Amino acid sequence: MALPALAIECLMKPIAIFLTGHAPDTLRARSGDFDHWFRMALGVPRANVMVVNVDAGAPLPTPDSVAGAIISGSAAMVTEQLDWSEHLAAWLRDAIPTGLPLFGVCYGHQLMAHALGGVVGELPGGREMGTQTITLTDAGRTDPLTTGLPVAFPAHTSHRQSVLSLPPGAQVLARSALDPHHILRYGLRAMSTQLHPEFSTTTMRAYIRLRHVQLLAEDIDVKAMLAGVCATPEAKRLLRRFAVQVDALHRGLFEAAA
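What you see is a predicted model, and the numbers here were worked out from it, not measured in a lab. (Residues numbered from 1 in each chain as written. Predicted model: local features only at pLDDT ≥ 70, side-chain atom pairs only at ≥ 80, totals over all residues. Heavy atoms only, no water.)

Draft legend 1. Looking closely at the overall build of the protein. Each helix and strand in the protein was counted, giving 10 helices and 11 strands. Over its C-alpha atoms the protein spans a radius of gyration of 17 Å, differing by no more than 12% from the 18 Å that the globule rule assigns to 258 residues. Projecting the C-alpha coordinates of the protein onto the three principal axes gives extents of approximately 50 × 40 × 40 Å. A total of 258 residues make up the protein; the buried ones form 52% of that total. (Helix = DSSP H or I, 4+ residues; strand = E, 2+ residues; numbered from the N terminus. Rg over C-alpha atoms; globule rule 2.2 N^0.38 Å. Buried < 20%, exposed > 50% of the residue type's maximum accessible area, 1.4 Å probe, protein only.)

Draft legend 2. Geometry of the state of the cysteines. Scanning the entire structure with this criterion turns up zero disulfides. Cys106 takes part in no disulfide bond, and the closest cysteine sulfur to it belongs to Cys230, at a distance of 18 Å. When its relative accessible area of 6% is taken as the criterion, Cys106 is described as buried. Relative accessible area serves as the criterion here: at 31%, Cys230 is assigned to the partly exposed category. (Disulfide = S-S within 2.5 Å.)

Draft legend 3. Up close: the pattern of salt bridges. Enumeration according to the criterion identifies four salt bridges in this entry. Between Glu122 and Arg160 there is a salt bridge, and its shortest N-O distance comes to 3.4 Å. Of this pair, Glu122 sits in strand E5 (residues 119-122) while Arg160 sits in the loop between strand E7 (152-159) and strand E8 (161-165); the two residues are 38 residues apart in sequence, bridging distant segments of the chain. Take Arg160: its relative accessible area is 35%, and that puts it in the partly exposed class. The closest approach of N and O atoms between Arg185 and Asp143, which form a salt bridge, is 2.6 Å. Remark: Asp143 occurs in the loop between helix H5 (138-142) and E7 and Arg185 occurs in strand E10 (residues 183-187); sequence separation between them is 42 residues. Per residue, the accessibility class of Arg185 equals that of Asp143, and both read buried. (Salt bridge = Lys/Arg side-chain N within 4 Å of Asp/Glu carboxyl O.)

Draft legend 4. Up close: the layout of surface pockets. Considered as a void within the structure, the largest pocket measures approximately 410 Å³ in volume. Around the largest pocket, the lining is made up of 23 residues, and of these Ser74, Ala75, Ser158, His159 and Arg211 lie nearest the centre. A volume near 160 Å³ is recorded for the second largest pocket. Lining of the second largest pocket is provided by 12 residues; of these, Lys13, Val66, Ala67, Leu100 and Leu249 occupy positions nearest its centre. (1 Å grid on protein atoms, 1.4 Å probe; cavity = no way out; pocket = protein on both sides within 12 Å on 5 of 7 lines; lining within 4 Å. Points joined across faces, edges and corners; volume = space filled by probe spheres on them.)

Draft legend 5. Summary view of unusual backbone geometry. For Cys106, which is not glycine, the phi torsion reads 60° and is therefore positive. Assignment of secondary structure puts Cys106 in the loop between strand E4 (102-105) and helix H4 (107-115).

Draft legend 6. Structural detail: the packing of aromatic side chains. Scanning the model with the defined rule gives six aromatic pairs in all. For the pair Trp37 and Phe199, a centre-to-centre distance of 5.9 Å together with 80° between the ring planes defines the contact as edge-to-face. Separated by 162 residues along the polypeptide, Trp37 in helix H2 (residues 34-42) and Phe199 in the loop between strand E11 (190-193) and helix H6 (201-210) bring together distant segments of the chain. Overall, the relative accessible area of 7% leaves Trp37 in the buried class. (Phe/Tyr/Trp six-rings, centres within 6.5 Å; stacked < 30°, edge-to-face > 60°.)

Draft legend 7. Representation of the packing of helix H3 (residues 83-95) against H4 within the structure. Put simply, H3 and H4 touch, their axes get as near as 9 Å, and they point 65° apart. Considering how the two elements wind past one another, H3 and H4 form a crossing that is right-handed. Packed against H3, whose contacting residues are Trp84, Ser85, Glu86, Leu88, Ala89, Leu92 and Arg93, the element H4 presents Tyr107, Leu111, Met112, His114 and Ala115 at the interface. When the residues that make up the contact of H3 with H4 are grouped by side-chain class, the tally is eight nonpolar, two polar and two charged. (Axes fitted to C-alpha atoms, helices over the stretch in contact; angles between N-to-C directions. Left-handed = near helix turned anticlockwise from the far one by under 90°. Contact = heavy atoms within 4.5 Å. Nonpolar A, V, L, I, M, F, W, Y, C, P; charged D, E, K, R; others polar.)

Draft legend 8. Representation of the sheet that holds strand E2 (residues 49-53) in the model. The sheet built from nine strands is open, its strands ordered E2-E1-E3-E4-E11-E10-E9-E6-E7 with mixed pairing. Every other strand in the sheet has two partners, leaving E2 and E7 as the edge strands with one partner each. On average, adjacent strands in this sheet sit at an angle of 25° to one another, irrespective of strand direction. Strands in contact with H2 are strand E1 (15-19), E2, strand E3 (68-71) and E4; relative to E1, the strand with the most contacts, it is inclined by about 145°. (Pairing = 2+ DSSP bridges.)

Draft legend 9. The packing of H2 against helix H9 (residues 233-250), seen in detail. Where H2 meets H9, the axes come as close as 8 Å, and the angle between the chain directions of the two elements is 75°. It follows that H2 is roughly perpendicular to H9 by the angle criterion. Contact with H2, carried on its side by Phe38, Met40, Ala41 and Leu42, involves Lys236, Leu239, Arg240, Phe242 and Ala243 of H9 and no other residues of that element. For the contact of H2 with H9, the per-class residue count stands at seven nonpolar, no polar and two charged. (Parallel < 35°, antiparallel > 145°, perpendicular 65-115°, else oblique.)

Laid out in structure tokens, this is it:
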């Protein structure tokens, strides 16, 4: 399935990318920070993006001043309940009822669930890392975000914590062998993924190499994990679909696009 073409240069409001962390220095020097990875995966012009360094205490925009928001991953843990994180959680609780399009990734996924009353903690099966098989649920086969995707597809992962209990009303759209809550929907325009749709194969391999000492200590076969890394076009398509929905909402066509 080809990625849909975008023509959102006329957006009057930007898509906010909330940075809850940053890429490792070696990766950032070569490939840019998280906001660049997301912008490239979204397929939107730089002028349509507002980067907010939440972990540095940057002020949060009002929900009515942005067209949508992405919440990034982080080396921090939602369970630490850091001040800036809890401040963003409160913002999310206020923003979701407004219908603002929201897409959380990894830390952002867990923070959205936490903000709405879910439980986040250590993944019972241990660390999930590398390219994993993600399987759609029955709900995922018909959801606007995931419909038309293969029932099973590869996606890049890197996490030790996860959403253990869902917030009230959340729907599970996809799972993996280790994590039953890989893609969640909280409402018509609020969704999140534990997987990393913004990662490239180069990024995934770099993270595995950076973590190789910890992986070996956990008795994980690093060579096999590296060999298993592959392209993940279906996962990346999730962010592109989100961008299309933001554009459709801007044009008054959201229901048709969904």
